[in-house]
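Fold and geometry: a report
So you can see what is in the structure, the chains are spelled out below.
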Amino acid sequence: MSTNSSRNGGMMTDGHTIVNDFNIHVATANGSGSQTSNMVLLRSIFQMGVPVCGKNLFPSNIQGLPTWFTIRVNKDGYIARRERNDILVTMNPETAQEDVRKQEPGTIAIYDEPLNLNQLRDDLLFYPVPFDKLVKPVCPEARLRKLVRNMIYDGILARLLGIEMAEIENALKKQFKKKTKAVQLNFAAAQAGYEFAGESLPKQDLFRVERMNKTQGKIIIDGNSAAAMGSMFAGVTVFTWYPITPSSSLGEALTEYMKRYRVDPETKKATFAIVQAEDELAAVGMAIGGGWAGARSMTATSGPGISLMAEFVGLAYYTEIPVVIFDIQRVGPSTGLPTRTMQGDILFAATLSHGDTKHPLLLPCSVEECFTMAGTAFDLAEEFQTPVFVMSDLDLGMNYWMSDPFKYPDKPFKRGKVLSAEDLERVRQFARYKDVDGDGVPYRTLPGTHHPLAPYFTRGSGHNERAGYSERPEDYKNNMDRLARKFETLRQRVPTPIIEKNSQAEIGIIGFGTSHYAILEARDRLREQHGLPTNYMRLRAYPFNDEVHDFVRAHQRLYVVEQNRDGQMFDLLKLDLEAGQIEKLHSVRHYDGLPITPASIVRGVLAHEKEAPAPNLQPMEKVLFA
């Protein structure tokens, strides 16, 4: 591509176009109806077969404060957050000037004409739009204009970028389902924007959407909805929760799914119990009670809720009661940034509660794994009679991701070592906390099992093999040693890491969760732009199994990528590795509350590798690679 191009308002106009490779950044106000217009825009591009990902940056308040939505469009399927936004749509007067000042030179700003934002800079390409003038004839009812107004920028972008209006209409139908009048009103607003752009905004930029076939058969869904669906398919019957951002939508989605699919068709009665507790402490207590009674039981929360749950989680660990806890992580400590993302609860969840505790963690990176790992979590919780944490985050839980359709689960549930009355009659013995098989996992009975050997006390205090109260040192030590042995057995049962090898690579990257997508893109950049091939291991669970140790042993230098300040996964690995392997690890951390970017990973790896900084790129190369 030529770089000897004339410039117009900062944008190149040499006749070349950039197809299906750009970012759209929309700045609006919370509560203004922008969610509809943004989702319609995202789906319209997706329906044209182009890979997309949408990330919402919203305030932790009621309506009125600024909110932003970023859509990454990339023909190669890269969906990590970029540090550069190519197209700005600024609809909020409160942030408009700041939004424009943050734009990189040579990018686009679509703005409300009365704001005169084109006076601020001469190195951007400005498209002024009289939004109020355009919405008035479309929506005579003044109270609705605020909600419909945003659809005009969908029409503007459709005209400028080549998004098909038929797909805008299809996306509206999906958004509003059977609400025909809402579809018609919003489409009329989009059409008004489309016609205005055609008449008054001659195209001067380089960006364009062209139809592809890379999204055929795929779906768009958020991680919390996927986790809720996976939990329903995994057989959950008890869900107790207290609303907290960003986990609330998981509870809301699960409630909706269960009411639709888990009601007895004859009696019309629910076959489940969903309870909104007075706080997170009560919620996890109820969930543990459900697990003790034999139900597949769960709760969902975020970091502050995990803090409140510490004592009860220790009880479940020590009394060996299965329960699943979804932690949709957000920025801490304290209230922190409630609507920003982080991987900040890793160490805390792994050792939650006082005394010696160790808990398994599942680490989904995709909406598909949110679905499948729900089933894995319930199986592990019941097989090993212990709390299991599923460590999602706000980025995965609340944002919109492409995925293949989820596969219907075809394996039976794993209920673990549960003795029925018939089993007890056959074996003629039962000690609740005795290690019969040498794997650390005892047998249990469920309340209501009608046999003289079935009853036992569930004790959070010291107990012996028969669940009798005991303060004898040898009983306590035997019990704790067995719990540790159970954790070692669990090490071989949790999901193994996904490893990608390059025969020419000398260094390895270790990541987990939503850092995965930035790592994939960063690896390509390191190889293509810096001649630095890498191997990659994506962790999917803690405790770490043999494959993790083997990967570390096979490399001289390894970079642990995560989204927290202190390198929590880095520290957890150091606690698990042999002493001679620890010095190989280097930490690459991102912790500003926004999703991690490929560029931040490249910078972190190169800093350790003592490579020269990335070369100064020409403007067009910045558009392509920033």
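Keep in mind that this is a model prediction, so the values were computed, not measured.

Looking only at helices and strands, one finds 23 helices and 25 strands in the protein chain. Its C-alpha atoms give the protein chain a radius of gyration of 27 Å, near enough to 25 Å, the size a compact globule of 626 residues would have. Counting only C-alpha atoms and orienting by the principal axes, one finds that the protein chain spans roughly 85 × 65 × 40 Å. When the 626 residues of the protein chain are sorted by exposure, 57% land in the buried category. Expressed as a percentage of contacts within the protein chain between residues at least 6 apart in sequence, the contacts between residues at least 24 apart total 75%. Carbon together with sulfur atoms contributes 50% to the accessible area of the protein chain, which is approximately 26900 Å² in total. When the 72 basic and 75 acidic side-chain charges of the protein chain are each reduced to a single mean position, those positions are 3 Å apart.

This part is about unusual backbone geometry. Following Thr245, the chain continues into Pro246 via a peptide bond in cis, with omega recorded as 10 degrees. Its place among the elements puts Pro246 in the loop between strand E12 (238-241) and helix H9 (248-261). A cis amide bond links Tyr542 with the next residue in sequence, Pro543, at an omega value of 10 degrees. Its place among the elements puts Pro543 in the loop between strand E23 (541-542) and helix H19 (546-553). Residues other than glycine seldom take positive phi values, yet Glu320 does so here, at roughly 65 degrees. Counting through the fold element by element, Glu320 comes out in the loop between helix H12 (310-319) and strand E15 (323-331). For Glu320, a relative accessible area of 1% translates into the label buried. A positive phi angle, close to 60 degrees, is found at Arg428, a residue other than glycine.

The subject of this paragraph is the packing of aromatic side chains. Inspection of the entire model under this criterion finds eleven aromatic pairs. Their ring planes at 90 degrees and their centres at 5.2 Å tell us that Phe233 and Tyr408 sit as a pair that is edge-to-face. Of the two residues, Phe233 is situated in helix H8 (residues 223-233) and Tyr408 in the loop between strand E19 (400-403) and helix H16 (421-427); the sequence distance between them amounts to 175 residues. Using a relative accessible area of 26% as the deciding quantity, one classes Phe233 as partly exposed.

Here we take up the nonpolar core. Core analysis: the biggest nonpolar cluster contains 156 residues, and Ile24, Ile110, Ile168, Phe326, Ile510 and Met569 have the highest contact counts within it. The leading source of residues in this core is helix H14 (residues 367-384), at ten residues. The residues touching Ile168, leaving out its near neighbours within four places in the chain, are Val40, Ser44, Met151, Asp154, Ala158, Ile163, Phe187 and Ala190.

With respect to the helices, strands and loops of the structure, Ser307 is situated in helix H11 (residues 303-308). Residue Ser307 is classed as partly exposed on the basis of its relative accessible area, which comes to 42%. Separated by 38 residues in sequence, Ser307 and Asp345 place their C-alpha atoms 9.7 Å apart.

Across all of its chains, the model carries 44 salt bridges by this definition. When the shortest N-O distance is used, the salt bridge between Arg121 and Asp123 registers 2.9 Å. A salt bridge links Arg491 to Glu488; its shortest N-O distance comes to 2.9 Å. Taken as a pair, Arg491 and Glu488 lie in helix H17 (residues 473-491) at a separation of three residues, close to a single helical turn. A relative accessible area of 11% places Arg491 in the buried class. Its relative accessible area of 39% is what places Glu488 among the partly exposed residues. Look at the salt bridges and you will find they share partners, linking Arg296, Asp379, Glu382, Arg415 and Arg444 into a network.

Further remarks concern the confidence of the model for the protein chain. Mean pLDDT over the protein chain works out to 93, with 94% of the residues at or above the 70 mark. In the predicted structure, residues 1-14 sits below a pLDDT of 50 and forms 40 contacts with residues beyond four places in sequence or in another chain. Scored below 50 in pLDDT, residues 611-626 shows 29 contacts in the model against residues more than four places distant or in partner chains.

A word on the side chain of Asp475. Among the structural elements, Asp475 can be located in helix H17. A polar contact is formed between the side chain of Asp475 and the side chain of Ser470, at a distance of 2.6 Å. Beyond its immediate sequence surroundings of up to four residues, Asp475 is in contact with His463, Asn464 and Ser470.

Another aspect to go through is the pairing of strand E13 (residues 273-276). Relative to E13, E12 runs parallel, the two sharing four bridges. Across the sheet, residue Val238 finds its bridge partner in E13, namely Ala273. Handedness of the crossover joining E12 and E13 through H9 is recorded here as right-handed.

In this section: the sheet that holds strand E22 (residues 534-539). Spatially, E20-E22-E21-E24-E25 is the arrangement adopted by the five strands of the open sheet, whose pairing is mixed. Bordering the open sheet on either side are strand E20 (498-500) and strand E25 (585-589), each of which pairs with just one other strand. Averaged over all pairs of adjacent strands, the angle between their axes in this sheet comes to 20 degrees, without regard to strand direction. Strand direction decides the pairing type here: strand E24 (residues 557-562) and E25, joined by five bridges, are parallel. Counterpart to Val560 in the pairing with E25 is Ser587. Most of the contacts of helix H18 (residues 515-530) go to E22, to which it runs at about 175 degrees, and overall it touches E20, strand E21 (507-512), E22 and E24. The strands touched by H19 are E20, E21, E22 and E24; relative to E22, the strand with the most contacts, the crossing angle is about 160 degrees.

Here we take up the environment of Met212. Note on placement: Met212 falls in the loop between strand E10 (207-208) and strand E11 (219-222). In sequence terms Met212 and Glu266 are 54 residues apart; their C-alpha atoms lie 47 Å from each other. Other than its neighbours up to four places away in sequence, Met212 contacts Asn20, Met48, Gly49, Val50, Pro51 and Lys75.

Under the 1.5 Å per step criterion, the end-to-end length of helix H1 (residues 34-47) is 20 Å for 14 residues, consistent within 8% with the ideal 20 Å. Across the 14 residues that make up H1, a large majority, twelve, are buried. Those residues of H1 that sit buried are Ser34, Thr36, Ser37, Asn38, Met39, Val40, Leu41, Leu42, Arg43, Ser44, Ile45 and Phe46. Looking one or two places after H1, you find Gly49, whose phi comes out positive at around 85 degrees.

Parameters and conventions
- Residues numbered from 1 in each chain as written.
- Predicted model: local features only at pLDDT ≥ 70, side-chain atom pairs only at ≥ 80, totals over all residues.
- Heavy atoms only, no water.
- Helix = DSSP H or I, 4+ residues; strand = E, 2+ residues; numbered from the N terminus.
- Rg over C-alpha atoms; globule rule 2.2 N^0.38 Å.
- Buried < 20%, exposed > 50% of the residue type's maximum accessible area, 1.4 Å probe, protein only.
- Contact = heavy atoms within 4.5 Å.
- Areas by Shrake-Rupley, 256 points an atom, 1.4 Å probe, with all protein chains shown as cover.
- Lys, Arg positive; Asp, Glu negative; His and termini not counted.
- Charge placed at Lys NZ, Arg CZ, Asp CG, Glu CD.
- Phe/Tyr/Trp six-rings, centres within 6.5 Å; stacked < 30°, edge-to-face > 60°.
- Core = buried A, V, L, I, M, F, W, Y, C linked by side-chain atoms within 4.5 Å.
- Salt bridge = Lys/Arg side-chain N within 4 Å of Asp/Glu carboxyl O.
- pLDDT = per-residue confidence, 0-100.
- Polar contact = N/O pair within 3.5 Å; in protein donor to acceptor, adjacent residues only side chain to side chain.
- Pairing = 2+ DSSP bridges.
- Right-handed = clockwise from strand over helix to strand, strands pointing away.
- Axes fitted to C-alpha atoms, helices over the stretch in contact; angles between N-to-C directions.
- Expected span 1.5 Å × (residues − 1).

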